[in-house]
Amino acid sequence: MNPLMRLCLGVVLAGGFMTGDARAQSLDPDLPVYEAAAGVDGTIKSIGSDTMNNLMTGWGDDFRAFYPAVKVEVEGKGSSTAPPALIQNQANFGPMSRPMKGKEIDAFQKQFGYEPTLLSTGIDALAVFVHKDCPLDEISLDDLEQVFSVNGPDMTWADLGVSDPAWRNEPISLYGRNSASGTYGFFKDNALAGSDFKSSVKEQAGSGGVIQAVGNERFAMGYSGIGYATANVKALRVSLDGIDAFEPTAENSLSGDYPLARFLFVYINKDPRQALDPLREQFIRLIFSRRGQDTVLKFNYIPVPADIAREQLEKLGLEPGF
Amino acid sequence: MTETGSTPARRRTTASVHLWDRTAELVITAGGLTVLGAVLAICVYLFYEVAPLFSQGEIEETGRGAVVTDSAASAPAEGLITDEFGEAAFWMRPSGAVVTLLIGNEPGRVLTTLPLAANGKSVTVWSMRPGGQEIALGFDDGTVTYGAIGFDWRVVSPDQLPEAARSLEVGQIMTLADAGDDRSPGWVSRPREDLFRVSEPELELRRPFRVGRSESPVVALDYQVNAAGRRVLAVAREDRTGAFAQIRESRPLGGGAPRVRTTVWDLDLGGVTPDSLFVSADGADVLALDGDGAVRRFGTGGVARDEAIPVVEQRSLLREGEELTSMGWLLGAQTLLVAGSDGGGGAWFVAPERAGGTDGRALVRAHPLPVGDGAYVAFGPAASDRLVAGLTDAGALLVWHQTSDKLIASTQTGASDPALVALSPRGDLVLGASSDGGFSLFGLEAGHTEASFKSVFAKVHYENTPAPAWVYQSSAGSDAAEPKLSLTPLIWGTLKATLFAMLFAVPVAVLAALYSSEFMSPELHKVVKPALELMASLPSVVLGFVAAFVVAPIAAEHLSELIAGAFVLPVVAVIGATAWQAIPGRITRRVGSGFRLVIIGIAMAVGIAASLVIGPIGEAVLFTPTREAALVGAGSVEPVADASGLPAFTQDGVAEEERLRLAPLGLTEIDGLFYRAVEPTGEAAAEVESAIEAGGLAEPSMRRWLDGAFGSATPGWFLLLLAPTAVLAVIMAKRYASRMAGDSLVADALLTLGAAIGGAGVAFAGAWVLTSMGLDPRLSIIGPFDQRNTLVVAIIMGFAVIPIIYTISDDAMRSVPESLRSASLGAGATPWQTAVRVVLPVAGSGVFSACMIGLGRAVGETMIVLMATGNTPEMELNIFSGFRTLAANIAVELPEAPKGGTHYRILFLCGLVLFTMTFVINTTAEAVRQRFRKRSAAL
């Protein structure tokens, strides 16, 4: 972990926000301990999701602890950058925070004849953030759609049931991600039921940018991965039906109670006719080991249970061994 | 070359000089040509990348055959679903899904039949999602089911195949049964030398379940899934009852069984069973269609659990006397394609419309269908975009994109009795079939279906929107979203940013150049100019960063002071200049220009201080909410009992643009009902007071006025009119009444002051007149306030272009011959008159070029707008809202655009438009400059 990253993480931890909950969820004891193998060499090149940028870097650092000769390059401009990179062989890992669209899979298939392989490497609770002083604590999916969707009216905080007079008549200032990001697509599908965003939603190039903007503006609301939370913002509880609202915690995400939880995917180009090369095989084994999933925890995401980890390895024709 | 005559031999130019001369000439010519060539090449390349966007697609027949049916008496197929590669298809019949081969040695060979009915039930009706992949079935006992249908395929290595299949020729297919594997109804194909693929049909249905209590046979049904995986289902039964169900399936990420939550409502069919039912994917509407095109729309919004869903709209989708020949959803199940026997029909969807159904929405015919030979008998919507294939009774096959209205390709199938058409899941194959089982397969090269001149530049009516509009929203998380590719909002944003930046930068830069070249001492000039030029070296990303995180929050916090500054600073400058004149000449002549600069600095500081004081005062005077407005804000209102007492504009509801007119009247409107502010009494009074106190509802606030929370239009108009009227009044006074003032400075100052006050009076009167005409500036140049707004960008981008404009203008003015200045001064003109009437016109061409270069820079500026705005593709004049420019758009979206795709080429089109804009600006500038030059050359 580089010093800057360490600092950022420090800030997040010092904020004390959400960390308690995420940390409380411990690793699945069935996950294997990673053991180094021989003959691993080359460059890990990852292009894709911005949400997973720190995660990929974290796994890269873990990997280099075992194989110092391996180079790791991570580029994260948005999930939509992953499919072109995989198709053009510019990357051997394509992290995405949403599944590939039909057209993206088609383009890949046209090039290679087979489809890309999807690995579910971790779980993220997509959180709706407001300023830390905001009196609002929870929101229903329907309200969320009204707030962000072009089908809803321009709203003030009173429309969400805020009675605090300092807030009730203020318009909600909206922040979101740029359209390349999987977060944008996931939120559009799951919170907006597929409808378009209001054109007044201010698009930020990174998850951190959304948090920073919301933390800077009292009447702002934005969405972003929970891993980027700081002390200046607060994550809302979200309800499916307007009755039972759930916090974006590990427990609620795994149980399916929190409606905006999603898998963090890594796509790879695996030829079904051949075995995986040792570099990628070992990297994937590391991801699904205790160490790799501990890194998931470290960045405030949620580790996958051993069953899912096993499924992913089997998908690649690898012997899970646990 | 003056030594002619006596010298015997003219000193010859040496060969080396000639050589250098020639070389230089060559190099310069070559350099110039290279630049020209490079610009041309860029232009050509942009065109080359953009051109495919507007080209048509191609369609070509690749094979035909006939289904070898299991029994001659079997019913004809009702639907087609192809696989991804055009190798096989499902022939859907209520009795079962027949799997047929389409290519290979035996096109039309039946591989297997997957039974749809089970447990003694028989299928009475079935429906398919657009593009196939999921179907729903209705049974004769009133139950329904849904599930996935399709072909599963995988790439295998040859050693995983039966012996016989390994020697398959490229492009051929072989059934697994023929290859010796009887267990599977699948087949092997070899699309490339090194690629073997095994495909198998797949059908997975849920256990049938009941929707509601009725056990009567299902006669009409539709089923859709929205982007979030929420399923909706509508059924009509023989006993004339109907039901609508919402099914939420959520699969815990941590594993485990999916949770299914089903909610069922009754559909109020009114005792009439429709011929067919359609439910939109968002579940908002259920359409019941009859054979003559009559439709009843059921609105599910806001219906309680125990109520029946009512009819909210009734109309006909066809012309009088026509018969429905075909209908079906497009991908996303928002747009319904309808065709009539007489060539009528169109693409219909439900849009917000006040004068529509009882739910404030209405079915609108948003797009026409392309005119083909004959009436449409079948539609085949694509599974991944708004592409659709249509087959007419005359056998014509048309493929078009519904959002962009672009006809991709058309051909003649030659079928005698055309009945069905399907697009493959990838949209690259079309399968047309006749009712006797004959079929033709077409290869389709669809190209860039979403882009047409109309969709890129003109208004398009998108689903769920009230009217055609220019919208840019290029990508989405799923294929079902309609692409919105209008560049107009981006061009608008570019022009808006440039205009406001230039409005700020040009006066500042040109006046600064005028001052520094004409009035500043040379020593000081030597310091000031490089300092200003240093400003240009600030990276624009730094400026953008400062704009986003420093200027924008401060400007939002101190809006009134900022606005006050725009008025106060020029006034302070004028007062300062007048005061300077009051100081006797013997003193002013003695001090250097450095000291003058200090004085100017002091004046500016005084101006800023004055702005800080005047801002809040002005805000309090102009933008203090009335008591009524505060009460409305605190929610202390009562319903208006007698609506006839309300002003005329409220009689037929309040449109969005009329809403602002309610506030000054102490009225508010919620859901069509009017409420009036009321003074609270008793216990409520304290509560309301504390609400007003805590919310600052009675405190002056320009931001809240801009947001439309209170107040009439008058103060806004007053501020907008103040500057022009006051300046005009002062100029008029100077021109026509300055003789009255004589030489007295005091009289002159009084005259100016009087004129300015008079101007303000005129501004106020004008504001009052405009307001009483019902006009409000909050709907045009000003409006709701956003922290990341045009004003902030204009100021910061102004900073980026000021150094360029300044430095070139300054050079131009300094290069005006000293003789002209001397002549002017000698003829008795003051230095100011000389500067404005002699120097500025002569240097005009240079100053103009400076402005144009600044403009070119502003048009293409990327980082500042990228960082300082929210990149919101809005089309508003409002200076307090954001925008998205062409340049920022390219920077934001290029990494996500797959090379060669529509989105990628659209971004190149952005580049081409930008290129054209700068080209036009620069060419115009050059033409204008040449004219200026001719004029000044004549001097």
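For the structure, check the block above.
What counts and how
Residues numbered from 1 in each chain as written. Chains lettered and ligands numbered in written order. Predicted model: local features only at pLDDT ≥ 70, side-chain atom pairs only at ≥ 80, totals over all residues. Buried ≥ 20, exposed ≤ 12 C-beta atoms within 10 Å, placed from the backbone. Helix = DSSP H or I, 4+ residues; strand = E, 2+ residues; numbered from the N terminus. Contact = placed C-beta atoms within 7 Å. Pairing = 2+ DSSP bridges. Axes fitted to C-alpha atoms, helices over the stretch in contact; angles between N-to-C directions. Nonpolar A, V, L, I, M, F, W, Y, C, P; charged D, E, K, R; others polar.

> Sorry, what's going on with helix 9 (residues 207–216) of chain A here?
One turn of an α-helix holds 3.6 residues; hence residues three or four places apart share an orientation. All names here are of chain A. Of all the 10 residues making up helix 9, eight are buried; the element is thus mostly covered by neighbouring parts of the structure. Turning to helix 9, its buried residues number three or more, namely Ser-207, Gly-209, Val-210, Ile-211, Gln-212, Ala-213, Val-214 and Gly-215. In this fold, the buried residues of helix 9 make contact with strand 4 (117–131), strand 6 (173–177), helix 8 (182–190), strand 7 (202–204), strand 8 (220–225) and strand 9 (233–235).

> I would appreciate a short explanation of the sheet that holds strand 25 (residues 361–367) of chain B in the present structure.
What holds strands together in a sheet is hydrogen bonding between their backbones, with the strands either parallel or antiparallel. Residues and elements named next belong to chain B. The strand order across the open sheet built from four strands is 22-23-24-25, with neighbouring strands paired in antiparallel fashion. Edge positions in the sheet fall to strand 22 (324–329) and strand 25, since each has one partner strand and no second. On average, each strand axis in the sheet is inclined to that of its neighbour by 30°, with strand direction left out of account. As paired strands, strand 24 (residues 345–352) and strand 25 are joined by six bridges and run antiparallel to one another. Across the sheet, residue Trp-348 finds its bridge partner in strand 25, namely Arg-365.

> Explain the sheet that holds strand 21 (residues 311–316) of chain B to me, please; I cannot follow it from the model alone.
Residue and element names in this part refer to chain B. Judged by pairing direction, the sheet is antiparallel, and its four strands sit side by side in the order 17-18-19-21 without closing on themselves. The open sheet has two free edges, formed respectively by strand 17 (276–279) and strand 21, since each of these has just one partner strand. Averaged over all adjacent pairs, the angle separating strand axes in this sheet is 20°, with direction ignored. Across five bridges, the pairing between strand 19 (residues 294–299) and strand 21 is antiparallel. Residue pairing in the sheet places Ala-294 in a bridge with Ser-316 of strand 21.

> Help me understand the interface of chain A and chain B in this model?
Where interface size is quoted, it is often the accessible area lost as the parts come together. Listed as interface residues are 54 residues of chain A and, on the opposing side, 56 residues of chain B. When contributions to the side of chain A that touches chain B are tallied by element, the ones reaching two or more residues are helix 4 (82–87), helix 5 (102–112), helix 7 (165–168), helix 8, strand 7, helix 10 (250–255), strand 12 (261–268) and helix 13 (306–315) of chain A. At six residues, the largest contribution of residues to the side of chain A that touches chain B is made by helix 8 of chain A. When grouped by side-chain class, the residues that make up the side of chain A that touches chain B number 20 nonpolar, 20 polar and 14 charged.

> Please explain the environment of Phe-349 of chain B as it appears in this structure.
Here Phe-349 of chain B lies in strand 24. What Phe-349 of chain B contacts, discounting residues up to four positions off in sequence, is Gln-334, Thr-335, Leu-336, Val-364, Ala-366 and Glu-463 of chain B.

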